[in-house]
Amino acid sequence: MGKADFLSPKAIGNRIKAKGLQKLRWYCQMCQKQCRDENGFKCHCMSESHQRQLLLASEDPNQFMDYFSEEFKSDFLELIRRRFGTKRVHNNIVYNEYISDREHVHMNSTQWETLTDFTKWLGKEGYCKVDETPKGWYVSYIDRDPETIRRQEELERKKKQDLDDEERSAKFIEDQVRRGREGKEPEEEPVFTELKREGEEEKVAFNLAKGACASVAGPSKASAALGPSALKAAAASGKRKDVPSGSDSRDKKKKSALDEIMEMEEQKKQSVRMDHWLHTEIVVKIVTKRLGEKYHKKKGVIKELKDKYTAIVKMINSGDKLKLDQSHLETVIPAPGKRVLILNGPYRATEALLNSIDVKKFSASLILDSGRMKGKKVDGIAYEDFSKIA
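*Asks:* I keep staring at the pairing of strand β7 (residues 299-305) and nothing clicks. Help me out?
*Replies:* Remark: a regular strand shows side chains that alternate across the two faces of the sheet. The pairing of strand β6 (residues 283-286) with β7 spans three bridges and is antiparallel. Bridging across to β7, Val 284 finds its partner in Gly 300. Sheet analysis places β7 next to strand β8 (residues 310-315), joined by five bridges and oriented antiparallel. Residue pairing across strands places Leu 305 opposite Ala 311, the latter belonging to β8. In this structure, the hairpin formed by β7 and β8 is closed by a connection of four residues.

*Asks:* Just to check I follow, could you spell out the sheet that holds strand β15 (residues 386-388) for this structure?
*Replies:* Where strands meet in a sheet, backbone hydrogen bonds hold them as pairs that are either parallel or antiparallel. Overall, antiparallel pairing links the five strands, which are arranged β14-β13-β12-β11-β15 in an open sheet. Strand pairing shows two members of the sheet lacking a second neighbour, β14 (377-382) and β15, which therefore form its edges. Between one strand and the next, the sheet's axes are offset by a mean angle of 45°, whatever the strand orientation. Sheet topology note: the strand β11 (residues 339-342)/β15 ladder contains three bridges and is antiparallel. Bridge pairing in β15 places Leu 341 opposite Ser 387.

*Asks:* Got a minute to help me understand unusual backbone geometry in this structure?
*Replies:* Most peptide bonds take the trans configuration, and most residues that are not glycine carry a negative phi. Notably, Lys 297 is not glycine yet its phi reads approximately 65°, a positive angle. By the element assignment, Lys 297 lies in the loop between β6 and β7. Given a relative accessible area of 48%, Lys 297 falls into the partly exposed group. With a phi angle near 65°, Ala 349 is a residue other than glycine that sits in the positive phi range. Secondary-structure assignment places Ala 349 in the loop between β11 and β12 (350-358).

*Asks:* Sorry, what's going on with the packing of aromatic side chains here?
*Replies:* To describe a pair of aromatic rings, you give the distance between the ring centres and the angle between the ring planes. Counted by the stated rule, this structure contains twelve aromatic pairs. When the ring of Phe 72 is compared with that of Trp 112, the centres are 6.2 Å apart and the planes differ by 40°; the resulting orientation is tilted. Of this pair, Phe 72 sits in helix α4 (residues 61-84) while Trp 112 sits in the loop between α5 (91-99) and α6 (115-125), placing them 40 residues apart in sequence. Both residues of the pair, Phe 72 and Trp 112, count as buried. For the ring pair Trp 121 and Tyr 127, a centre distance of 5.7 Å and an interplane angle of 25° mean the geometry is stacked. Grouping aromatic residues by their ring pairs yields a cluster made of Phe 72, Phe 76, Tyr 98, Trp 112, Phe 118, Trp 121 and Tyr 127. Sitting above the plane of the Tyr 138 ring, Arg 88 keeps its charged end 4.2 Å from the centroid.

*Asks:* What exactly am I supposed to notice about the environment of Val 284 here?
*Replies:* Within the secondary structure, Val 284 sits in strand β6. Each C-alpha atom of the pair Val 284 and Ile 333 lies 9.2 Å from the other, and the pair is 49 residues apart in sequence.

*Asks:* Looking at this structure, how should I read the sheet that holds strand β4 (residues 128-133)?
*Replies:* Taken together, the three strands give an open sheet; going across it, the order is β3-β5-β4, and neighbouring strands pair in antiparallel fashion. One side of each edge strand has no neighbouring strand; the edge strands of this open sheet are β3 (88-90) and β4. For this sheet the average axis-to-axis angle between neighbouring strands, irrespective of direction, equals 30°. For β4 and strand β5 (residues 136-141), the ladder comprises six bridges, and the chain directions are antiparallel. By the bridge assignment for β5, Asp 131 is matched with Tyr 138. Contacting β3, β4 and β5, α4 crosses the sheet at an angle of about 75° to β5.

*Asks:* Explain the environment of Thr 350 to me, please; I cannot follow it from the model alone.
*Replies:* You can see Thr 350 is positioned in strand β12. With 19 residues separating them in the primary sequence, Thr 350 and Asp 369 have C-alpha atoms 7.5 Å apart. With sequence-adjacent residues up to four places away left out, Thr 350 is seen in contact with Val 340, Leu 341, Ile 342, Leu 368 and Ser 370.

*Asks:* I tried to follow the confidence of the model for the protein on my own but got confused; where do I start?
*Replies:* Regions with low pLDDT carry predicted coordinates that are not meant to be interpreted in detail. Looking at the protein as a whole, its pLDDT mean stands at 77, while 75% of the residues score no less than 70. The spread of mean pLDDT over the elements of the protein runs between helix α9 (residues 219-226), the lowest at 44, and β6, the highest at 93. Note on residues 210-227: pLDDT under 50 across the span, and six contacts to partners over four residues away in sequence or across chains. Contacts from residues 238-254, a stretch scored under 50 in pLDDT, to residues over four places away or in other chains number six contacts.

Cut-offs used in this document
- For every chain, the first residue of its written sequence is number 1, and the numbers climb from 1 along that sequence.
- Side-chain atom pairs in this predicted model are given and counted only at pLDDT of 80 or more, local residue features only at pLDDT of at least 70, and totals for whole chains, interfaces and linings cover all residues.
- Where side-chain values are given, they derive from all heavy atoms of the structure, hydrogens and water being excluded.
- Only strands joined by at least two bridges in the DSSP assignment are considered to pair.
- Labels follow the DSSP assignment, with helices taken as runs of H or I lasting at least four residues and strands as runs of E lasting at least two, numbered in each case from the N terminus.
- An axis is simply a line fitted to the C-alpha atoms; with a helix, the fit covers only the stretch in contact. Between two such axes, the angle follows the N-to-C directions and lies from 0 to 180 degrees.
- The rule is simple: take the accessible area with a 1.4 Å probe, protein chains only, and divide by the maximum for that residue type; under 20% is buried, over 50% is exposed, in between is partly exposed.
- Pairs were defined over the aromatic rings of Phe, Tyr and Trp, the Trp ring being its six-membered one, requiring ring centres within 6.5 Å. Orientation was assigned from the angle between planes: stacked under 30 degrees, edge-to-face over 60, tilted for the rest.
- Two conditions define a charge located above a ring, namely a distance within 6 Å from the ring centre to NZ of Lys or CZ of Arg, and an angle within 35 degrees of the ring normal.
- Contacts: residue pairs with any heavy atoms within 4.5 Å of one another.
- pLDDT expresses, on a scale from 0 to 100, how confident the predictor is about each individual residue.

This is the structure in structure tokens:
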């Protein structure tokens, strides 16, 4: 019987049935052919092309198995990395998404007999973190990309630096509070007298109104009514009021502590390093080899900044303009006495003169040539923190 026409109902039905996944037992991995029923698979096994593939596989069966195993492993890990990242996920969920692709490599052609064996192998080889639970095996991908590791290290370093600054500020404030408490005069504690009566029939009376009137009438009567404890408390309060110098000194201490905190915050802002250093009108050198030998190790001038990490560089020799990333460039160190621009650190965007170069420490000594600190000498500036001015 001939093949059905392209738009005939039978041809359309065949295409619909061939579109989805078929049964695994009717799939030939060697020929990478999927059959729809048992009769088709039987005919395929008797075909000449299948027999040729079997002869090739019989010469070195381990080579074919290793090839299929490597394809299965790489596709499976790529799916985990792109779809789930480093999240913890059930291995069956990943496998079901993997086999949804009609052209996938089947597990029965690899060195692993079951998905559990493959999951254990991933954990043993260090590709994933695996753990067994009552619900089954879970995997989480281990990302060993150098760029990802570098980004994580930068985040950890920045977090540690912020934490150190916060701890330093908290310790400084605590020291200021302790010094203020030490300089404060101790207050005299009030003396309390017990209410006693000589006999059981004697009544306890408070002569508050009488004392107030007596204070107006005369000091001698008021003192007799108040008693020794009240006189001591009044004398202590008067003594504190007569000494204003202590309060002024405490105010001065508070003001000086506030100024010190503000200065510390200013230094903290200046000491924070940026992860971007590009600046216009500086000379840079191209270090990437992707542009070919024509531009490798050649110098140019940054004419325009597209963003914090991308710049338009005009080549000095050819005059070509290139759009380059910060990672493809490095700073240029001129001869001593030349003008440079500081690109990072507390003196960022400050012009200076190159005084000397320390080759052993990969740093230089600069003399600031602009700003409020003009003429100041700064040592220990790293090579990557300054560059020649065009």
